[in-house]
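Survey of secondary and tertiary structure
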Amino acid sequence: MGETGYTDPNADANVARMKILVIEDDLEAAAYMTKAFREAGIVADHASDGESGLYMGSENSYDVMVVDRMLPRRDGLSVISELRRRGVETPVLILSALGQVDDRVTGLRAGGDDYLPKPYAFSELLARVEVLGRRKGKPEQDMVYRVGDLELDRLAHEVRRAGKDILLQPREYRLLEYLMKNAGQVVTRTMLLENVWDYHFDPQTNVIDVHVSRLRSKIEKDFDRPLLKTVRGAGYMIKDEG
């Protein structure tokens, strides 16, 4: 029942120390979530029903709990209320297909700290979990991203390295933009699928590898220093180590 992920040594140190509990009866959704959290360097345990979740949440220490509202054996709001009654103050994010204002208010009043309606993007779920874990958020980015001598102008939609124009296809541009927005951080394959391809499932293809290879060729050919790195078992990172 419990599924634990590895912590990637290149992941952000604050995030890497996080341990969360996912209480979700949809096994496919739970497997997707725990896998994606693992890729982000977060340890994720899984409970598939309310009673098991209540037990794990009471007996173990977590930074955040992600709780589905509609669960077998004990519904999510009842789990949260009982956790609070027992003095468990772990921040809770509620997931639910019920997304009306009244539904959210009910969830928050039951003891939840945040409420995310389904369907959702994993990148948003991850960001909300990080906030609930009281980690510092990433500051607002400039309209021009720079990594070493590589520059991406978001307004002009232009890319240059060492003053030389680099022509990119639209998908390559989006890929580079997202990598540079998160410069110095490991970007997982799940994050790329959601934010660059707008996929919320794994297409089981090498589409990411192909585009990364093309992008790497364009931004690194004829230049001294490589910038785009593959982090084995985790994802990719763009960083200037010169």
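Read on for an overview of the structure. Treat the numbers as computed from the prediction; the structure is a model and nothing was measured. Here the residue numbering is sequential within each chain, running from 1 through the sequence in written order. The predicted origin of the model limits local features to residues at a pLDDT of at least 70 and limits the giving and counting of side-chain atom pairs to 80 or more, whereas totals for whole chains, interfaces and linings rest on all residues. Think of the side-chain values as coming from all heavy atoms in the structure, minus any hydrogens and water.

1. Focus on the nonpolar core
- Formed by 48 residues in total, the largest nonpolar core has its most connected members in Ile 20, Phe 37, Leu 125, Leu 150, Leu 176, Leu 192 and Ile 238.
- With 6 residues, helix α7 (residues 170-181) is the largest single contributor of residues to this core.
- Taken together, domain 1 (19-134) and domain 2 (144-238) each give at least three residues to this core, which thus spans both.
- In this view, Leu 192 contacts Leu 175, Tyr 178, Val 187, Trp 197, Ile 208 and Tyr 236; residues no more than four positions away in its chain are not counted.
- Buried Ala, Val, Leu, Ile, Met, Phe, Trp, Tyr and Cys residues that are joined via side-chain atoms within 4.5 Å together make up what is termed a nonpolar core. Buried residues are those whose accessible area, probed at 1.4 Å on protein chains only, stays under 20% of the maximum for their type, while exposed residues exceed 50% and partly exposed ones sit between those limits. Residues Leu 54, Leu 77, Leu 83 and Ile 94 belong to the second largest nonpolar core, which totals 18 residues. Only DSSP runs of H or I reaching four residues or more are called helices, and only runs of E reaching two or more are called strands; each is numbered from the N terminus. Domain segmentation is taken from an automatic or database assignment of domains. Contact between two residues is taken to exist if any of their heavy atoms lie within 4.5 Å; hydrogens are not considered.

2. Quick look at the packing of helix α2 (residues 27-39) against helix α6 (residues 122-132)
- Orientation is described by axes fitted as lines to C-alpha atoms, over the contacting stretch for helices, and by angles from 0 to 180 degrees between their N-to-C directions. At a minimum axis distance of 11 Å, the contact between α2 and α6 shows a crossing angle of 60°. Crossing angle aside, the handedness with which α2 passes α6 is right-handed. Contacts from Tyr 32, Met 33, Ala 36 and Phe 37 in α2 reach Phe 122, Leu 125, Leu 126 and Val 129 in α6.
- Taken together, the residues of the contact of α2 with α6 sort by class into 8 nonpolar, no polar and no charged. Two helices that cross are described as forming a left-handed crossing if the nearer one is turned anticlockwise from the farther one by less than a right angle, and a right-handed crossing if clockwise. In this classification, Asp, Glu, Lys and Arg are treated as charged, Ala, Val, Leu, Ile, Met, Phe, Trp, Tyr, Cys and Pro as nonpolar, and every other residue, Gly included, as polar.

3. A closer look at the packing of aromatic side chains
- Any Phe, Tyr or Trp ring, taking Trp's six-membered ring, that has another such ring centre within 6.5 Å forms a pair; planes under 30 degrees apart are called stacked, those over 60 apart edge-to-face, and the others tilted. For the structure on display, the rule yields 2 aromatic pairs.
- Between the aromatic rings of Phe 37 and Phe 122, the centroid separation amounts to 5.0 Å while the plane-to-plane angle is 70°, which identifies the pairing as edge-to-face. In this pair, Phe 37 sits in helix α2 while Phe 122 sits in helix α6, placing the two residues 85 residues apart along the sequence. Here Phe 37 matches Phe 122 in class, with each residue buried.
- A connected cluster of aromatic rings, assembled from ring pairs, spans Tyr 32, Phe 37 and Phe 122.

4. What about the sheet that holds strand β7 (residues 150-153)?
- Strands are labelled as partners when DSSP assigns at least two bridges between them. The 4 strands lie next to each other as β6-β7-β8-β9, forming an open sheet whose pairing is antiparallel. The open sheet is flanked by β6 (144-147) and β9 (164-166), the only strands paired with a single partner. Shown here is a sheet whose adjacent strand axes are inclined to one another by a mean of 25°, direction ignored.
- Here β7 pairs with strand β8 (residues 158-161) via 4 bridges, running antiparallel. Bridged to Asp 153 within β8 is Glu 158.
- Relative to the sheet, α7 contacts β6, β7 and β8, its axis offset from that of β7 by approximately 110°.

5. Concerning the sheet that holds strand β2 (residues 43-47)
- Spatially, β2-β1-β3-β4-β5 is the arrangement adopted by the 5 strands of the open sheet, whose pairing is parallel. Single-partner strands in this sheet number two, and they are β2 and β5 (114-117). This sheet shows a mean twist of 20° between the axes of neighbouring strands, independent of strand direction.
- Bridge count between strand β4 (residues 92-96) and β5: 4 bridges; the pairing is parallel. Among the inter-strand pairings, Ser 96 is bridged to a residue of β5, identified as Pro 117.

Geometry only, nothing functional implied.
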